[in-house]
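An overview of the molecular structure
Listed below, chain by chain, are the residues.
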Amino acid sequence: MNPMIMPLHLTWPDIALRLVLTMIAGAVIGFNRGARGHAAGLRTTILVGLAAAAAMIQANILLPLGGKMTDSFAVMDLMRLPLGILTGVGFIGGGAILRRGDLVTGVTTAATLWVVTVIGLCFGGGQLLLAVAATVLSVITLWTLKWFDLRIPREHRANLVIEAEDRPAAAGALAKLVAPAGFVALFHRMDRAAESSKADFHFEVSWRRPDLAGPPLDLLELVAARYCVVSFELTSETRH
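Residues numbered from 1 in each chain as written. Predicted model: local features only at pLDDT ≥ 70, side-chain atom pairs only at ≥ 80, totals over all residues. Heavy atoms only, no water.

Looking only at helices and strands, the chain has seven helices and eight strands in total. Each of the 240 residues in the chain was classed as buried or not, and the buried ones make up 34%. Considering only intrachain contacts with a sequence separation of at least 6, the fraction spanning at least 24 residues in the chain is 71%. Of the accessible surface of the chain, which amounts to about 13,800 Å², a share of 66% is contributed by carbon and sulfur atoms. (Helix = DSSP H or I, 4+ residues; strand = E, 2+ residues; numbered from the N terminus. Buried < 20%, exposed > 50% of the residue type's maximum accessible area, 1.4 Å probe, protein only. Contact = heavy atoms within 4.5 Å. Areas by Shrake-Rupley, 256 points an atom, 1.4 Å probe, with all protein chains shown as cover.)

Counting residues in hydrophobic clusters, the biggest one holds 19 residues, and the most contacted among them are Ile-162, Leu-174, Phe-203, Val-205 and Val-223. Of all elements in the fold, only β5 (154–165), α6 (169–178), β7 (198–209) and α7 (217–224) reach the threshold of two or more residues within this core. Core analysis: the next-biggest nonpolar cluster, separate from the first, contains 13 residues, Ile-29, Leu-113, Phe-123 and Leu-128 among them. (Core = buried A, V, L, I, M, F, W, Y, C linked by side-chain atoms within 4.5 Å.)

Another point: the side chain of Thr-22. Here Thr-22 is to be found in helix α1 (residues 12–35). Among all residues touching Thr-22, those that are not within four sequence positions of it are Gly-49, Leu-50, Ala-53, Gly-120 and Phe-123.

Let us now look at the confidence of the model for the chain. Across the chain, pLDDT averages 77, with 76% of residues at or above 70. For the chain, per-element mean pLDDT is lowest for strand β1 (residues 67–68), which scores 54, and highest for α7, which scores 92. (pLDDT = per-residue confidence, 0-100.)

Pairing in this open sheet of four strands is antiparallel, and the strands run β6-β7-β5-β8 from one edge to the other. Because the sheet does not close on itself, it has two edges, and the strands there are β6 (184–192) and β8 (228–234). The average undirected angle you get between the axes of adjacent strands in this sheet is 20°. Of the strand pairs in this sheet, β5 and β8 are connected by six bridges, and their pairing is antiparallel. (Pairing = 2+ DSSP bridges. Axes fitted to C-alpha atoms, helices over the stretch in contact; angles between N-to-C directions.)

Side chains of Val-132, Val-136, Leu-137, Ile-140, Leu-145, Trp-147 and Phe-148 sit close together on the surface and give an oily, nonpolar patch of about 660 Å² of accessible area. For Val-136, the location among the structural elements is in helix α5 (residues 128–149). With relative accessibility at 44%, the residue Val-136 sits in the partly exposed group. (Patch = residues over 30% accessible without salt bridge, like charges linked within 9 Å, V, L, I, M, F, W, Y side chains within 5 Å. Salt bridge = Lys/Arg side-chain N within 4 Å of Asp/Glu carboxyl O.)

Here it is in structure tokens:
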């Protein structure tokens, strides 16, 4: 069987080969996601790929029936089947993306489901070399490029609340304190406690570092040495 064409008549060995290769591709890509604790793990990627492959195999089997029969008013458009599969996966991918304020997760998970679907369509349609190439490139992207991605400096943000004396100068003092360490603190508001000489000062803190650097423990140590830290909440996502 030519790995770059879609034959009109499939044999069961052809179907078995396409399904097995789809499962292998889905398992290889899904293992990467599952090992890192992401939602689209081993079973999810295999099932998505199998659904796409089965749909494309069905379209392949129906190829001799495509078009308009001489005694029929209906026209069979076989390509609507794989296009419908891609649309359905779009809804699944949209459900995998979560947003809470500025925090966005699941984008890479959605993209993984999308590429596994396309790989399944390729295997199901008989474009074996194209599907294998897409699988290899996907694995390289998810595994190898992760090393580079973690080392790319990117902007991070967090909400910081400190307790300090009820004086307007406290807002500017914190900004000057963290600036030499590479942090930018923007004052948002002050909440004054009743019958107290202290108040809670709310800041948005931003900095630029690679994800590999981890949480800004040096910032917390710097601020805690002078103020009482009430809360510290990251608002930008570092895992994809």
